[in-house]
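Here is how the chains run, residue by residue.
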Amino acid sequence: QVQLVESGGGLVQTGGSLSLSCAASGRTFSSYDMGWFRQAPGKEREFVAAISWNGGSTYYEDSVKGRFTISRDNAKNTVYLQMNSLKPEDTAVYYCAVRVTGSSTVRDITSRARYGFWGQGTQVTVFS
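What counts and what doesn't
Residues numbered from 1 in each chain as written. Predicted model: local features only at pLDDT ≥ 70, side-chain atom pairs only at ≥ 80, totals over all residues. Heavy atoms only, no water. Pairing = 2+ DSSP bridges. Helix = DSSP H or I, 4+ residues; strand = E, 2+ residues; numbered from the N terminus. Polar contact = N/O pair within 3.5 Å; in protein donor to acceptor, adjacent residues only side chain to side chain.

A.B. asks: What am I meant to see in the pairing of strand S8 (residues 78-83) here?
C.D. replies: Two faces, one strand: in a regular strand the side chains alternate between the faces of the sheet. As paired elements, strand S3 (residues 18-26) and S8 share six bridges and run antiparallel to each other. Within S8, the position partnered with Cys22 by the bridge is Val79. The pairing of strand S7 (residues 68-73) with S8 spans six bridges and is classified as antiparallel. Residue pairing across strands places Asp73 opposite Thr78, the latter belonging to S8. Where S7 folds back onto S8 in an antiparallel hairpin, the turn is made up of four residues, including Asn77, whose phi is positive at roughly 55 degrees.

This is the structure we're talking about:
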């Protein structure tokens, strides 16, 4: 079992920045790829970014490339999402999750179905 707690969400103006954190406890955090997903009202939860177990590889949804940066600190059992140049369409609840199944393909790494042990989410609201 693993527990995830997200923090760092809030209200920010267009063009602003936020830094999200996801603290993990339980299983060996450093053994797992981690991902960030988001869910806007009335929409399905979608992939945002992922990072390999050792931080050596990162993956991003196209709309956030160049604006968001995922990182991790295995010594602190924490994964981060730095969000810059925020837009109103980034408004959503942001969740972190552990990738528990699948291979090391981009398809599996970006698939919500491959992730388990979701956090409770943190709200990000971007106003214009």
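A.B. asks: For this particular structure, what's the right way to read the side chain of Glu6?
C.D. replies: As for its position among the elements, Glu6 is in strand S1 (residues 2-7). Separated by 3.0 Å, the side chain of Glu6 and the backbone nitrogen of Gln120 make a polar contact.

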